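Summary of structural features
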There are 2 protein chains.
Amino acid sequence: MPTIRGLFPLLAAAMLLCSGAASTQSKPVLRPNIVIFLVDDMGWQDCSVPFLKERTPLNDRYRTPAMERLAASGVKMTSAYTSPVCTPSRVSMITGMNVTRHHVVNWTSPFRDRNTDNPDRQLQPVTWNQNGLSPVAGVPGTIHATPLPWLLNRAGYYTIHVGKAHWGSSGTPGSSPLALGFQVNIAGQSTGHPQSYLGEDNYGNVQPKWSINAVSDMQEYHGSGTFLTEALTREALRALDAPIRNGQPFFLHLSHYAVHTPIMADRRYLQRYLDQGLDSTEAAYATLVEGMDKSLGDLLDFLRDRKVEDNTLIIFLSDNGGLSLAPPRGGKPFTHNLPLRAGKGSVYEGGIRDPVLIRWPGVTKPGTAIDVPVHVDDLFPTLLDAARITDARPLQTVDGQSLVPLLAGRRRDLGERTFYWHYPVKWIDNDGPGINFHSALRRGDWKLVVSLRTGKKELYNMRDDIREEKDLSAARPELVRELSTLLGRRLREMGSPMPRIRETGAVVSYPDEN
Amino acid sequence: MPTIRGLFPLLAAAMLLCSGAASTQSKPVLRPNIVIFLVDDMGWQDCSVPFLKERTPLNDRYRTPAMERLAASGVKMTSAYTSPVCTPSRVSMITGMNVTRHHVVNWTSPFRDRNTDNPDRQLQPVTWNQNGLSPVAGVPGTIHATPLPWLLNRAGYYTIHVGKAHWGSSGTPGSSPLALGFQVNIAGQSTGHPQSYLGEDNYGNVQPKWSINAVSDMQEYHGSGTFLTEALTREALRALDAPIRNGQPFFLHLSHYAVHTPIMADRRYLQRYLDQGLDSTEAAYATLVEGMDKSLGDLLDFLRDRKVEDNTLIIFLSDNGGLSLAPPRGGKPFTHNLPLRAGKGSVYEGGIRDPVLIRWPGVTKPGTAIDVPVHVDDLFPTLLDAARITDARPLQTVDGQSLVPLLAGRRRDLGERTFYWHYPVKWIDNDGPGINFHSALRRGDWKLVVSLRTGKKELYNMRDDIREEKDLSAARPELVRELSTLLGRRLREMGSPMPRIRETGAVVSYPDEN
C-alpha cells in the first residue's frame, strides 16, 4: 500500500500519460463520413421517385428502387438546381462558386486550350476558363480555387474519387483528381464520357479505334462482361475498406459515367424495358438508369453491413438535366424531362433541375421533402459545415450557403436567395429551347430567362407553372425590369464572359440594357 | 488537498482513462515505413556505386549520386539475385515464392491467355501461369497467393503503388494493384513498359498510334516536358503526404518504368553522356539511369524534410539484369553488364545479379557491404519481419528468408542456402549466352548452369570467377552430380514446367537425368 508521498508521483505520471496520449490523437469531434453519389446527365424524371407531387409517366417507366429507399430514409430536395452542362456544375460543386464567378461556363475539352463552343454566324465565341479548375495558380485558362476534397483531406478525411472527373483538361493539374485533394483516384480523367461501358470493349481501350475517352484503371475487368457502372461500384466499395477498417472518416465521390452517352444497354436489365415497348435507345437508356440505381443499392447495403450508415451523410445528385436531343435519344426531342421544359444545355427547368436526395441519419427526417430552392453551389459550404470544418479559408469567395440548418429542420428556408445561370456559348449547332447563349435568374418563385442572342426576356412563376409555358413578361414589366437589373449587375460585377456580335465587335446587350 | 480516501478514485479514474485511450489506439509497436524503390531492367553495373570491390568503367560512365548517398548511409548487398526477366521477379517479390514454385516463368502479356514465349523448332512452349499473380482463387493461368501489400495494409500500412505493375494480365484481378492490396494505384497496369517516356507524347496516349502500353493516370502532365520518371516521382511524393500527415505507417512501392525500353533520352541529362563519346542510344540509356537516380534523390530529400527518414526502411533494387541485346542497346551485345556475363534473359550473372541497397536507420550499419547471397524471394519475409507482422499466414509456402538478422548484424550468414532459377521458355529468337531454356542453381560459392535444350551443364565458382569464364564441370563431376540432383529434385517437387521435344513429345531431360 503506497503512502501519500508515494501516491502523488504515480498520479502525476498517470495523468501525464493521459495527456500525452490525448495530444497525439486528433480531437474527438465525430465527423460524418460523406458520400457524394453523382450521376452524369440524369434528368429530374429519370427515376421512379416522384420529384413532383404527382407521379409522372416517366416515374412509371424507370425503375430505381435504391433511390426510393434513399428517399424513404432521407430527404428529397424538390427544387434543387445545377448548371445546364457538366463541368460548370462539377466545378461549382467542389468550390462553392457560381458559374457567373468561376467562368468555367461550358464543358471542358480533354485537350488543353481547346474551346468546345460551336462556331456561330452571328456571335463570336467567348473567352472563358476553358481548361477548367486548377488547384494551383498560374495555369492559363483555369479558375484557381481551393477544392473541397483538399479541405476534407486536410481535416483528416480519407478522400476517394471513383469514375468521371472532368474538372480540367489534360496537361493541367486539374485533370488529375489526385491534384484536387483526392488520395485515391480510380478511373477519373479529363474526359467527360466513356468510350464504351462494356468490359467486352475494355471500356474503349481497343485498337485501332482508341480515343482519349477510353477509361483508365479498369484493366482488371477488361474482356469481362462487367458493365462500367458495376465495375466502378466494386472499386469504390473496395476503396472504402481501408478507411472503415482504420476508423478514419471518409469522403467518397462516386461519380458515375452513367447515364451519359454513349447510350449502351446494360443487358442485365434490358428485357424489362423492351417489354414496355420502348425503342431500343430508350430501353438502353433505362438500363443505364437502373444500373446506376443498382450501384446505389450496393453502396447502401455496404454501408449498412459495415455498420457505418448511421454516421454517413449521402448526397445523391445529377450534374445537369437529362439529355433531350433526339438523336441521340429516342422519341421526340425535348420531351425527356416532361413536365419540365427542354433538357441538358437549356436554362429551362429541364436543363437545370436536379433530382437530389440527402440522407444524414440523426439530422435529416426520413421520408420528407424540402421544396426550398437550393443549388449545386451549396454543396461546398454544406459539406464543410457537416464536417465541422470552420477554418477552411478557401481562396475563393463562396456563393453557396450551407444547407445544414435546412436539413436539420432548424430553419424553414434560407432567406430570399437569388440563383444565376449563365451559358453564353453555343452548345449545339441549331439553337434549341433555352439552349445556346442564354442567362437566367431565379428569385423566390420568379424566374427570368434571357436570350443573349435576341435580348428576348421571359418571366415564369415557378410555383404555378413549372412547365414554363406561361410567359408573364408582358404582364409584369416592372418585375422583369427588377430581375433584369439583378442579373445584369451580377454579370458585370463578376466579369462574366459575354458574347460579341461578329459584325460590330460589340458585346451583346446585358439583360438590364434593353 | 485531497485526502487519501479522495485520492484513490482519482488515481483509478486517471488510470482507467489511460487504459481506455490505449485500447482505442493500435498497439504501440513502432512499425517502420517501407519503401521499395524498384527499377526496371537496371543492370548491376548501371550506376556509379561499385558493387564489385574495384570500380569498373561502367561505374565511371553512369552518374548516380543518390545511389551513392543511399549506399553511404545504408548497406550494399553485393550478391543479390532476381529472375532473368521481370514478372517472375515481381511475383516473387510480393509473394516470397521462388519461380520454380509460382510458375510465372516469363513476362506476362497485357492480354489475357496469351503466351509470350517465342516459338521454337525443337521445343514446344511450356504451360505456365501466363496470366501472372492472382489475389483470388479460380482465375485460370494464375498463381493464387497472398500478396505482401495486402498483408501490410491489413496490418495498418497505407499502401501506395506508383509506376510499373505488370503482375497480371488485363482481364484478371492481378492486373490491378488495387486488387493486390494497394490503397493507391498511380499508373500501374498490366503492361511491362511505357509507350513513351515523354510528356510531349502524353506517354503514348496519342492518336492514331495508341497502344495498350500508353501510360494511364498521368493526364496532368500531358503535353508538358515532364519525363515520365519525374512525373511518377512527383505523384509518389504527393501520395506520401496523407499517411505522413496522419502519422500512419506507409508502404510505398515506387516502381519506375525506367530504365526499360523504349530507350528515350531524358534531355535534362543528355549532353554529359554525348560529351563522353557515347553513341546516342547509350547516352539516352545513361539519362534514363540518371533520371531514375534523381528520383531517388528527391525521395531521400523528401523523407528527410518530412522528418520520417529515421523510421523508414528503403530497399532499392532492380527486377532483373541489364538488357544487353544490341540493338536495342548500342555497342556490342552482351557487354553491358561487364564484368558479368550476358544480360537480361540469361541465367548467367548479367541476367540475374541485382544492385540492391538497403537502408534502415538504427538497424543497418552505414556504408557497409554484405556479400552473403540473397534473393528477391527474401523480400516478402524480410518486410513482414521488419513490420513485425507475425500473424501473416499467407496462402503460399514462402521460399525466401528474412534478411533482418543479417541486416541487423545479428547473424553473419543465413546458413547454407540454395537458390534456383528456371527459365524454360524462349525469350528471344536466337539463343544467347544462358538465354532461352535454361535452369541454374547457386549453393555456397558454386553455381550450376543447365541448358534444357542440350542438357549441357556448366559449373562456376562465384568467389573466384564472377565472370563465369572457367567452366569447372569437367574437373568436378561429383559436385556437378550433387548440384544436378538438387536442381532436378526441386523442379520435380515443384512441378515446374519443363519443355517438351516437338519430335517425340517427350519432356526434356531433368538436370539429374543425364
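1. Some points on the overall build of chain A
- The helix and strand inventory of chain A stands at 13 helices and 15 strands.
- Taken against the 2.2 N^0.38 rule, which gives 24 Å for 514 residues, the C-alpha radius of gyration of chain A at 24 Å falls within 12% of a compact globule.
- The principal-axis extent of the C-alpha atoms belonging to chain A is close to 95 × 50 × 45 Å.
- Burial status across chain A gives 65% buried among its 514 residues.
- Taking the intrachain contacts of chain A between residues at least 6 apart in sequence as the baseline, contacts between residues at least 24 apart amount to 67%.
- Summed over all atoms, the accessible surface of chain A reaches about 18800 Å², with 51% contributed by carbon and sulfur.

2. Examining the sheet that holds strand β15 (residues 457-461) of chain B
All names here are of chain B.
- In spatial order, the strands read β12-β13-β14-β15; together these four strands make up an open sheet with antiparallel pairing. What marks the edges here is a single partner per strand, and that holds for β12 (418-423) and β15. Between one strand axis and the next, the sheet turns through 15 degrees on average, direction left out of account.
- Sheet analysis places strand β13 (residues 438-443) next to strand β14 (residues 446-451), joined by six bridges and oriented antiparallel. When the sheet's bridge partners are listed, R443 is paired in β14 with W446.
- Packed onto the sheet, helix α13 (residues 477-493) meets β12, β13, β14 and β15 and runs at close to 115 degrees relative to β13.

3. Comments concerning the pairing of strand β1 (residues 33-39) of chain A
Residue and element names in this part refer to chain A.
- Counting buried positions along β1 gives seven out of seven residues, so the element sits mostly inside the fold.
- Side chains N33, V35, F37 and V39 project from β1 onto one buried face, and the interleaved I34, I36 and L38 project onto a second face that is buried too.
- Bridging between β1 and strand β8 (residues 312-318) involves seven bridges; their strand directions are parallel. From the neighbouring strand, F37 faces β8, where its bridge partner is F316.

4. Describing the sheet that holds strand β14 (residues 446-451) of chain A
Residue and element names in this part refer to chain A.
- One open sheet accounts for four strands, arranged β12-β13-β14-β15; its pairing is antiparallel. Each having just a single partner strand, β12 (418-423) and β15 (457-461) make up the two edges of the open sheet. Shown here is a sheet whose adjacent strand axes are inclined to one another by a mean of 15 degrees, direction ignored.
- The pairing of β12 with strand β13 (residues 438-443) spans six bridges and is classified as antiparallel. The residue of β13 that forms the bridge with F419 is R442.
- Where helix α13 (residues 477-494) meets the sheet, it contacts β12, β13, β14 and β15, and its direction lies at approximately 115 degrees from that of β13.

5. Focus on the pattern of salt bridges
All names here are of chain A.
- Inspection of every chain in the model, using the stated rule, returns 74 salt bridges over all chains.
- In this structure, R453 and D120 form a salt bridge, with 2.8 Å as the shortest nitrogen-oxygen distance. With R453 in the loop between β14 and β15 and D120 in the loop between α5 (99-102) and β3 (132-134), this pair connects stretches of sequence that are 333 residues apart.
- For D120, a relative accessible area of 7% gives the class buried.

6. Quick look at the packing of helix α7 (residues 228-246) of chain A against helix α9 (residues 280-305) of chain A
All names here are of chain A.
- Two elements in contact, α7 and α9, have axes whose closest approach is 9 Å; the angle formed by their N-to-C orientations is 20 degrees. Overall, the two elements α7 and α9 adopt an arrangement that is roughly parallel. Helix-helix and strand crossings are classified by hand; for α7 and α9 the assignment is right-handed. Contacts between α7 and α9 involve T229, E230, T233, L237, L240 and I244 on the former and, on the latter, G291, M292, K294, S295, D298, L299, F302 and L303.
- Here the residues of the contact of α7 with α9 are counted per class, giving seven nonpolar, four polar and three charged.

7. Section: the state of the cysteines
- Counted by the stated rule, this structure contains zero disulfides over all chains.
- Of all cysteine sulfurs, the one in C86(A) lies closest to C47(A), which takes part in no disulfide; the gap is 20 Å.

8. Quick word on unusual backbone geometry
- Of note, the bond from A258(A) into V259(A) is cis; its omega dihedral lies within 30 degrees of zero at 10 degrees.
- Each neighbour pair has its own omega, and for A326(B) with P327(B) the value is -15 degrees, a cis peptide bond.
- Mapped onto the elements, P327(B) comes out in the loop between β8 (312-318) and α10 (349-352).
- Unusually for a residue other than glycine, D217(A) sits at a positive phi of about 75 degrees.
- Positive phi values are uncommon outside glycine, yet R393(A) reaches one of about 45 degrees.
- You can see R393(A) is positioned in the loop between α11 (379-386) and α12 (404-407).
- Accessibility expressed as a relative area gives 71% for R393(A), which makes it exposed.

9. What about the packing of aromatic side chains?
All names here are of chain A.
- Here the structure, examined in full by the defined rule, presents 19 aromatic pairs over all chains.
- Ring plane angle 70 degrees and centroid distance 6.2 Å describe the contact between Y62 and Y285, whose orientation is recorded as edge-to-face. Of this pair, Y62 sits in the loop between α2 (57-61) and α3 (65-73) while Y285 sits in helix α9; the two residues are 223 residues apart in sequence, bridging distant segments of the chain.
- The class of Y62 is buried, set by a relative accessible area of 2%.

10. Considerations on the domain arrangement of chain A
Residue and element names in this part refer to chain A.
- Once the domains are mapped, chain A shows domain 1 (32-413) and domain 2 (419-513).
- Look at where the C-alpha atoms of domain 1 and domain 2 centre, and you get two points 26 Å apart.
- Buried area between domain 1 and domain 2, summed over both chains or domains, comes out near 4000 Å², and the portion from carbon and sulfur atoms is 60%.
- Area buried by domain 1 at its contact with domain 2 is led by T100, L123 and V347, which between them contribute 16% of it.
- Looking at the side of domain 1 that touches domain 2, the elements with two or more residues in it are β2 (75-81), α5, α10 (349-352) and β11 (374-375).
- A class-by-class count of the residues in the side of domain 1 that touches domain 2 yields 24 nonpolar, 14 polar and 10 charged.

11. Examining the pairing of β14(B)
All names here are of chain B.
- Of all six residues that make up β14, six are buried, and the element is covered over most of its length.
- Taking every second residue as pointing to the same face, both faces of β14 are buried, with W446, L448 and V450 on one and K447, V449 and S451 on the other.
- Connecting β13 to the antiparallel partner β14 that follows it, the hairpin turn spans two residues, and G444 within it adopts a positive phi of roughly 60 degrees.
- As judged from the five bridges shared by β14 and β15, these two strands associate in the antiparallel manner. Residue pairing across strands places V449 opposite E458, the latter belonging to β15.
- In this antiparallel pair of consecutive strands, β14 and β15, the connection spans five residues, and G455 shows a positive phi of 80 degrees.

12. Here's the deal with the confidence of the model for chain A
Residue and element names in this part refer to chain A.
- The predicted model of chain A has a mean per-residue pLDDT of 94, with 94% of residues at 70 or higher.
- This stretch, residues 1-28, has a pLDDT under 50; its non-local contacts, to residues over four places away or in other chains, come to 27 contacts.
- We note a pTM of 0.91 for the whole complex and an ipTM of 0.87 for its interfaces.

13. Remarks on α13(B)
Residues and elements named next belong to chain B.
- The terminal C-alpha atoms of α13, which comprises 17 residues, lie 24 Å apart, in line with the 24 Å expected from a rise of 1.5 Å per residue.
- Taken together, the buried positions of α13 are occupied by L479, V480, L483, S484, L487, G488, R490 and L491. Burial along α13 is one-sided: seen end-on, the buried residues are contained in an arc of 160 degrees. α13 presents E478, R481 and E493 as exposed residues on the side facing more than 90 degrees away from its buried surface.
- The elements touched by buried residues of α13 are α5 (99-102), β12, β13, β14 and β15.

14. Section: helix α4 (residues 86-95) of chain B
- Across the 10 residues that make up α4(B), a large majority, 10, are buried.
- Of all the positions in α4(B), only C86(B), T87(B), P88(B), S89(B), R90(B), V91(B), S92(B), M93(B), I94(B) and T95(B) are classed as buried.

15. Concerning the side chain of S295(A)
All names here are of chain A.
- Position of S295 relative to the elements: it lies in helix α9.
- The class of S295 is buried, set by a relative accessible area of 1%.
- In terms of polar contacts, S295 uses its side chain to reach the side chain of T233, at 2.7 Å.
- In contact with S295, other than residues within four places in its own chain, are F37, T229, T233, L254 and H256.

Reading the values: rules and limits
- Residues numbered from 1 in each chain as written.
- Chains lettered and ligands numbered in written order.
- Predicted model: local features only at pLDDT ≥ 70, side-chain atom pairs only at ≥ 80, totals over all residues.
- Heavy atoms only, no water.
- Helix = DSSP H or I, 4+ residues; strand = E, 2+ residues; numbered from the N terminus.
- Rg over C-alpha atoms; globule rule 2.2 N^0.38 Å.
- Buried < 20%, exposed > 50% of the residue type's maximum accessible area, 1.4 Å probe, protein only.
- Contact = heavy atoms within 4.5 Å.
- Areas by Shrake-Rupley, 256 points an atom, 1.4 Å probe, with all protein chains shown as cover.
- Pairing = 2+ DSSP bridges.
- Axes fitted to C-alpha atoms, helices over the stretch in contact; angles between N-to-C directions.
- Salt bridge = Lys/Arg side-chain N within 4 Å of Asp/Glu carboxyl O.
- Parallel < 35°, antiparallel > 145°, perpendicular 65-115°, else oblique.
- Left-handed = near helix turned anticlockwise from the far one by under 90°.
- Nonpolar A, V, L, I, M, F, W, Y, C, P; charged D, E, K, R; others polar.
- Disulfide = S-S within 2.5 Å.
- Phe/Tyr/Trp six-rings, centres within 6.5 Å; stacked < 30°, edge-to-face > 60°.
- Domains from an automatic or database assignment.
- Buried area = accessible area lost by both parts, 1.4 Å probe.
- pLDDT = per-residue confidence, 0-100.
- Expected span 1.5 Å × (residues − 1).
- Arc of directions from axis to C-beta.
- Polar contact = N/O pair within 3.5 Å; in protein donor to acceptor, adjacent residues only side chain to side chain.

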